[in-house]
Every structure is written in C-alpha cells, then in structure tokens.
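Residues per chain, in single letters:
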Amino acid sequence: MGNGVKEGQVDFKQQDVEPVISTHLPSEGNQEKKKVLNSLMSGALAGAVAKTAVAPLDRTKIMFQGESRWLLQNAPYRLIYRTYLNEGFWSLWRGNSATMVRVIPYAAIQFCAHEEYKQLLGSYYGFQGKALTPFPRFIAGSLAGTTAAMLTYPLDMVRARMAVTPKEMYSNIVHVFIRISREEGLKTLYRGFTPTILGVIPYAGLSFFTYETLKKLHADHSGKLQPSPPERLLFGACAGLIGQSASYPLDVVRRRMQTAGVMGHTYSSILLTMQEIIREEGLIRGLYKGLSMNWVKGPIAVGISFTTFDLTQILLRKLQHSTNVER
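Cut-off values and rules
Residues numbered from 1 in each chain as written. Predicted model: local features only at pLDDT ≥ 70, side-chain atom pairs only at ≥ 80, totals over all residues. Heavy atoms only, no water. 1 Å grid on protein atoms, 1.4 Å probe; cavity = no way out; pocket = protein on both sides within 12 Å on 5 of 7 lines; lining within 4 Å. Points joined across faces, edges and corners; volume = space filled by probe spheres on them. Helix = DSSP H or I, 4+ residues; strand = E, 2+ residues; numbered from the N terminus. Core = buried A, V, L, I, M, F, W, Y, C linked by side-chain atoms within 4.5 Å. Buried < 20%, exposed > 50% of the residue type's maximum accessible area, 1.4 Å probe, protein only. Contact = heavy atoms within 4.5 Å. Expected span 1.5 Å × (residues − 1). Bend = angle between axes of the 7 residues up to and from the residue. Salt bridge = Lys/Arg side-chain N within 4 Å of Asp/Glu carboxyl O.

A few points about the layout of surface pockets
Estimated volume of the largest pocket: approximately 840 Å³. E115, K118, A131, E212 and K215 are the residues nearest the centre of the largest pocket, which is lined by 32 residues in total. Only α4 (96-125), α7 (193-222) and α11 (291-326) provide two or more residues apiece to the lining of the largest pocket.

Focus on the nonpolar core
Counting residues in hydrophobic clusters, the biggest one holds 10 residues: A46, A107, F111, F208, Y211, F235, A239, V302, F306 and F309. Those elements that provide at least two residues to this core are α4, α7, α8 (229-263) and α11. No other element matches the three residues that α11 contributes to this core. When sequence neighbours within four positions are dropped, the list of residues in contact with F306 reads F111, S207, F208, Y211, G236 and A239. Y248, V253, I270 and L287 belong to the second largest nonpolar core, which has nine residues in total.

Observations regarding α7
An α-helical turn contains 3.6 residues, so a residue and the one three or four places further along point in the same direction. Taking 1.5 Å of rise per residue, the 30 residues of α7 would be expected to cover 44 Å, and the 42 Å separating its terminal C-alpha atoms lies within 8% of that figure. At V200, α7 shows its maximal bend, which comes to roughly 30°, and the proline P202 appears one to four places after that position. The first or second residue beyond α7 is G223, which carries a positive phi of 80°.

A closer look at the pattern of salt bridges
Counted according to the given criterion, the structure contains 11 salt bridges. Across the salt bridge formed by E184 and R191, the nearest N and O atoms sit 3.8 Å from each other. Relative accessible area serves as the criterion here: at 23%, E184 is assigned to the partly exposed category. Between R256 and E281 there is a salt bridge, with its nearest N and O atoms 3.0 Å apart. Linking R256 in helix α8 with E281 in helix α9 (residues 270-281), this pair joins segments that are 25 residues apart in sequence. Each of R102, D156, D251 and R254 takes part in salt bridges that share partners, so that together they form one network.

These figures capture arrangement, not role.
Listed below in structure tokens is the structure:
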C-alpha cells in the first residue's frame, strides 16, 4: 500500500477525525440544551396557567392563614363575596402579578429540575429509560421543590404581603421590596424560609410521586403509553390533594411568619408560631384553617399544572421533530 499504512490498520488522519467530533458532540449538547429549554418553557406556562385559574381562591386562603380572630367566624365564600363588594371583581386577583413573577420562575425551575433529577437518579440506580422505583421517585420530587423554593423564596414573601394588605400600602412589587428592606431589614425577605423548605419536601415529593405513580399504573393496566388529558387532570388532582394535605400546617406557619410584620405579630420560630396559633385558635381551626378551600383549589391547580406541562412538552417535541424532518 502506497500510503505507508499496513493492511489491517486504520489511518487516523486529523482530517478524518475532525468531522466526527464536530458533527457528533455538538448535536448531543444541542439536544440536551433543547430538552432543558423545553422543560423550562413548559414549566413556566404550567405554573402561570394553574395559578391564574385559582388566584381568587389562593388570595382568600392566604387571608385565612394570615389573620385570625374575625375570620374564624366567616366562611371562605363570604370572604370572597365581601372582597368583591368592597374592592371590586379584579381585586380577587390582587397580588397575582406578584404571583406570576414568582410562580413562572418557580414552576420553570421545579419542573426542569425534576426532569434532571429523574435522569440523575435513573443513572445512579440504573433505571435509564425506565420509570424510577418509589423511593427515588419521591426524592426527585422533593429535590425539585426544594431547589425551586430556595431560588425564588423572596418573591413568595412579596406575594404573601401583597395578598393580605390593602392596595394603598404597596403600589407594586418593587415597592414591597423597598419598604420591607427599609423598615424591617433584608432578612425579613427570608422570614418563614425554614417552614417553607420543611413543607416543600413532603409537598413536592408526594405530588410528583403520586402523579408519576398513577401514570405508571395507568400504563401498566391500560397498555397505553400516555394517559389522555382528562386522565392527566385527574392524576394531578389526586397528587395535589395528597401533597397539600400532608404539608398544610407548615404552610399556615409559613404564611403567619411572612405576614407577621403587617399583622401586628412577632413570630420568632416555627415551634413558637405553632404554639401561639394553637393557643389562640385551636389545633384544627388554627393549623388547618382554610384546608377545605385548599381541597378545592389545590387539586385544580396541581391538575392543571401537571397536565399543561406534559401537553406542552409533547407539543414542543412534535414541533422540533417536524422542524428537523423539514431540514
């Protein structure tokens, strides 16, 4: 052979190797980037749609959790009606702009993180391409919720303040940040952070665990790879009901600590906050105040959220596939 390469050997010339590297590695990187971007976009849309749909109930729940005396004698629907009469129809969505500022990054991070944690745990436990077993499934959800809560907590604090105060007190989101920082200190923006994380672990863990488990059981028993949209809504509703019921007392404590500065209370710790709530309002009527409303709001919101995320993911994948085919 005239090129100096013996028979049976491969000629690894520089020009032969470069095309393989330049065409293969970037495509894998691009696929991963597209996957992350799809998860972020789908999660953001899922959170925005779900929270806007239940915003009036969400505001009423926060008011129930944040206040005590006179609200004990008023049913949730009466509070909604009173708010409508006194402040107008759109007041029921007061604080929703702050909710969107928080929930869009929160949901985007949570859903995207969940997909990444599933992949990481799948690789660790050897379940690549298969559904995770129950414990890793719970851990993936808990880690996703914790990651999102840690990165977006100050925005949740701002939303809670806007929901329980008259509109004259805070003109916009930036005004809330400025007043809290100036009058109560920057650390106030993270008041209630510990009960939030403690509540997110069972809430996100059980929510994602329940939803993923129901989808797997459906696939095993029906033979269908994907559930229908109504079935997704039902699975999400069950996930929301279980997740929020398990973490509700800590959610009440979190709201009390967040709104303490404007409600005339001083709560220094989780246990002291719980003790004061129980002493003043009782165990059930204090720590579980507004839970019946959450059993309506929670399943609706979580069902819409999971369903929107899944369907948006499917749509984006189809669009990308059709674009690649056209190319």
